[in-house]
Amino acid sequence: MDIKIKRGSVSDEKSDAAVFMLFEGERPKGALAGIDGILGGVISRSIASGEFTGKRDETALFHNPGKTGPARIIIAGMGKRDKFTPDSLMRAAGAAAALAGKTGLKEISAHSDPPEAMSAHRFASLIAQGMLLALYNFDRFKKTESDKKRVKSLTLLASDRAMEAALKKGAVEGRIIADSVNFAKDMINAPANEMTPSVMASRAKAAAKDVGLKLKVLEADDCKKLGMGAFLGVAMGSKQPPKFIVMEYQGGKPVDRRQGPYVIIGKGITFDSGGISIKPSEGMEKMKYDMAGAGAVIAAIRCAAALKLPVNLVAIAPCTENMPGGAALKPGDMVRAMNDKTIEIISTDAEGRLVLADALCYASRYKPRAVIDIATLTGACVIALGDFAIGLMGNDRGLIDEVVKAGDTANERAWELPMWDEYLDAMKGDVTDLKNVGGRKAATVTAGKFLQEFVDYPWVHLDIAGTAWEEKGRPYCPRGATAIGVRLIVEFLKRKSA
Ligand code: BES
Ligand code: MN
Ligand code: ZN
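Please read these numbers as outputs of a predicted model, since none were measured by experiment.

This brings us to the coordination of the manganese ion (ligand 2). Taken together, the protein donors to the manganese ion (ligand 2) comprise Asp272 (OD), Asp349 (O), Asp349 (OD) and Glu351 (OE), at separations of 2.1 to 2.2 Å. The site at the manganese ion (ligand 2) holds six donor atoms, and with the angles between them running 71 to 169°, its shape is irregular. Spacing between the donor residues of the manganese ion (ligand 2) along their common chain follows D-x76-D-x1-E. Between the manganese ion (ligand 2) and the zinc ion (ligand 3) the interatomic distance amounts to 3.2 Å, and aspartate 272 serves as a bridging ligand to the pair.

As structure tokens, then:
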């Protein structure tokens, strides 16, 4: 979908549909009141009769019987005005775009009237994000007609020159963010026989080329020299060669360069069979998304560079399959991580913490200002927090608060879990420094405590096991990969740039 910005009035603009957002319980005002008049009052009548209430996710479509202006009007509810958040606008825009798409409309326009003192820049960015994310569709393996039903363009109408400029900039930002999220979704939704560690590396390479990033891909031999026994241990059961992907973006001012970069690390298990501790077969097909963390960090650094954020950033994605091949790790085996800590393998299915352990050690060489890791790490996180909250743990109060705030703003919300010392006891080994499973109790927290043993900098860990995949489909998040974390990380970095 192209996005165009124009000066003018939405009621004069020829399009297949003009989109308006309306708060719950409010009547048409301004431009919408004008349109309502042209339509003979059908909009206000449908509100008066209670057919359209303006609740969240509600939409309605009216035909314009006149000869000029938009052929149709779509109104989308934003919920109550006093509960308005940026997410309300994204949702309404997404719902309107989805309706336009389903109806087969090609060209839509929207009246630009930022609600609640929001800037025109932010308004355009959120509308673009909501619509582009809602229209995402992973259909490249289907012989479908859906291409014919694609919305081709959105025209945002500005009332004056200053607004036009602000809308333009906002729309560019929104497109970059949505494209990055959709880039991550394409990786995460792809089947594991396609999205191998090698293909992850080539996607990272393409992204690096697109936006001008440094890229290093460490091969198994390189990792061996670095002493990454935990990461390589997981890779041993698979025929696919592991890839340890490192991407670097230098957007910071010289003064920042002395402070060390932000580092983001994503778990990149391109398929998690469980290894020798094999998973039950029911639902195992979903374990292709066990690289959602890696997909998110590759997309996030792409986005940061495309937005030219003034920060220094490194993205690390340790990528491998977890398979039960003849050379696979076995329960009772011991591995040694890059920081020389030894780990007894209790379950080969607790592989995420092993690949992250070496990635966390590797991050240390950057003397990072802060590190955020993101991983589909524990089934227990799904039980504890369900589908709506990322499990968050960390070692730095200020950083934790910043990440939580960024998540709230992006509506990728994170909930903090305790990290008291007592929880580490479960992870202590009998004959090794650590073991990779600490039992059923607080398994999300004990996994976090395990990771902390590989960290010597301000750090936050995000467990996205419950939030990386959407089963039903939500307004601007169709079924499948959510690419959660991309917008949270970008929001976090944007705040660092301000
Ligand atoms: N990738 C899984 C966690 C997972 C579960 C992600 C469900 C998404 C949905 C992870 O590697 C895993 O298998 N964790 C085990 C750890 C256990 C053996 C300590 C788990 O949580 O059951
Ligand atoms: Mn596993
Ligand atoms: Zn896993």
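After presenting the structure, the write-up continues.
Here the focus is helix 11 (residues 352-363). Taking 1.5 Å of rise per residue, 12 residues should cover 16 Å, and helix 11 covers 16 Å from first to last C-alpha, within 8% of that figure. Here helix 11 has its buried residues at Gly352, Arg353, Leu354, Val355, Leu356, Ala357, Asp358, Ala359, Leu360, Cys361, Tyr362 and Ala363.

Turning our attention to empty space enclosed by the protein. In this structure the tally under the stated criterion is three cavities of 30 Å³ or more. Computed from the structure, the largest cavity encloses a volume of approximately 120 Å³. Residue lining of the largest cavity: Pro86, Arg122, Leu126, Gln129, Glu173, Ile177, Thr409, Ala410, Arg487, Val490, Glu491 and Lys494, and that is the complete set. Every element with two or more residues in the lining of the largest cavity is listed here: helix 4 (120-134), helix 5 (161-189), helix 13 (397-410) and helix 15 (486-497). Residue composition of the lining of the largest cavity, by class: five nonpolar, two polar and five charged. Of the residues that make up the lining of the largest cavity, three or more belong to each of domain 1 (2-181) and domain 2 (190-497). If you trace the second largest cavity, you find it lined by Gly233, Val234, Gly237, Gly275, Ile276, Asn322, Met323, Ala328, Leu329, Thr348 and Glu351. Considered class by class, the residues forming the lining of the second largest cavity number five nonpolar, five polar and one charged.

At the metal site, the zinc ion (ligand 3) is ligated by Lys267 (NZ), Asp272 (OD), Asp290 (OD) and Glu351 (OE), and these contacts range over 2.0 to 2.4 Å. Mapping the donors of the zinc ion (ligand 3) onto the primary sequence yields the spacing K-x4-D-x17-D-x60-E.

Here helix 4 crosses helix 5 at 35°, and the two axes come no closer than 7 Å. The two elements helix 4 and helix 5 cross, and the hand of that crossing is right-handed. Split by residue class, the contact of helix 4 with helix 5 holds 13 nonpolar, six polar and three charged.

Opposite charge on two side chains permits them to pair, given that their charged atoms come into close proximity. Applying the stated criterion across every chain yields a total of 29 salt bridges. Close ionic contact of lysine 494 with glutamate 173 constitutes a salt bridge, the shortest N to O distance being 3.4 Å. Separated by 321 residues along the polypeptide, lysine 494 in helix 15 and glutamate 173 in helix 5 bring together distant segments of the chain. What makes glutamate 173 buried here is its relative accessible area of 12%. Salt bridges sharing partners connect three or more residues here, namely Glu26, Lys29, Arg81 and Glu116.

On to the side chain of glutamate 321, then. The residue glutamate 321 is located in strand 11 (residues 312-322) in this model. In this structure the side chain of glutamate 321 is engaged in a polar contact, spanning 2.7 Å, whose partner is the side chain of serine 238. Setting aside anything within four residues of it in sequence, one finds glutamate 321 in contact with Pro197, Val234, Ala235, Ser238, Gln240, Thr270 and Phe271.

Turning our attention to the nonpolar core. Counting residues in hydrophobic clusters, the biggest one holds 103 residues, and the most contacted among them are Met247 and Leu462. Taken domain by domain, the makeup of this core includes at least three residues from each of domain 1 (2-181) and domain 2 (190-497). The contact partners of leucine 462, leaving out residues within four places of it in the chain, are Ile372, Asp373, Ile374, Ala375, Ile390, Gly391, Leu392, Val403, Ala414 and Leu488. Counting 46 residues, the second largest nonpolar core, distinct from the first, contains Met228, Ile269, Val335 and Phe450.

To continue, consider the environment of lysine 288. For lysine 288, the position within the fold is in the loop between strand 10 (268-272) and helix 10 (292-306). A residue is classified by how much of its surface remains accessible, and lysine 288, at 19% relative accessible area, is buried. Linking lysine 288 and alanine 190, residues 98 residues apart in sequence, is a C-alpha distance of 7.7 Å. Beyond its immediate chain neighbours, meaning those up to four positions away, lysine 288 contacts Ile188, Asn189, Ala190, Pro191, Ala192, Thr270, Phe271 and Trp469. Of the polar contacts made by the side chain of lysine 288, one reaches the backbone oxygen of asparagine 189; its length is 2.6 Å.

The next point concerns the state of the cysteines. With the rule as written, the count across this model stands at zero disulfides. Distance from the sulfur of cysteine 223, which forms no disulfide, to the nearest cysteine sulfur (cysteine 319) is 11 Å. With relative accessibility at 0%, the residue cysteine 223 sits in the buried group. Cysteine 477 forms no disulfide, and the closest cysteine sulfur to it belongs to cysteine 303, at a distance of 16 Å. On the basis of relative accessible area, cysteine 477 is assigned to the buried category, the value being 5%.

Before going further, it helps to examine the domain arrangement of the protein chain. It is common to report an interface's size as the accessible area lost on association of the parts. Entries for the protein chain in the domain assignment read domain 1 (2-181) and domain 2 (190-497). For domain 1 versus domain 2, the distance between C-alpha centres works out to 36 Å. At the junction of the two partners, domain 1 supplies 20 residues and domain 2 supplies 20 residues. Summed over both partners, the interface of domain 1 with domain 2 buries about 1,600 Å², with 65% contributed by carbon and sulfur atoms. Contact with domain 2 buries surface across domain 1, with Ile176, Ser180 and Val181 losing the most and accounting together for 29% of the total. On inspection of domain 1 and its partner domain 2, the count reaches two salt bridges.

Rules used in this analysis
- Residues numbered from 1 in each chain as written.
- Chains lettered and ligands numbered in written order.
- Predicted model: local features only at pLDDT ≥ 70, side-chain atom pairs only at ≥ 80, totals over all residues.
- Heavy atoms only, no water.
- Donors = N, O, S within 2.8 Å, 3.2 Å for Na, K, Ca; no water.
- Tetrahedral: all angles 85-135°; square planar, octahedral: opposite > 155°, others 65-115°.
- Helix = DSSP H or I, 4+ residues; strand = E, 2+ residues; numbered from the N terminus.
- Expected span 1.5 Å × (residues − 1).
- Buried < 20%, exposed > 50% of the residue type's maximum accessible area, 1.4 Å probe, protein only.
- 1 Å grid on protein atoms, 1.4 Å probe; cavity = no way out; pocket = protein on both sides within 12 Å on 5 of 7 lines; lining within 4 Å.
- Points joined across faces, edges and corners; volume = space filled by probe spheres on them.
- Nonpolar A, V, L, I, M, F, W, Y, C, P; charged D, E, K, R; others polar.
- Domains from an automatic or database assignment.
- Axes fitted to C-alpha atoms, helices over the stretch in contact; angles between N-to-C directions.
- Left-handed = near helix turned anticlockwise from the far one by under 90°.
- Salt bridge = Lys/Arg side-chain N within 4 Å of Asp/Glu carboxyl O.
- Polar contact = N/O pair within 3.5 Å; in protein donor to acceptor, adjacent residues only side chain to side chain.
- Contact = heavy atoms within 4.5 Å.
- Core = buried A, V, L, I, M, F, W, Y, C linked by side-chain atoms within 4.5 Å.
- Disulfide = S-S within 2.5 Å.
- Buried area = accessible area lost by both parts, 1.4 Å probe.

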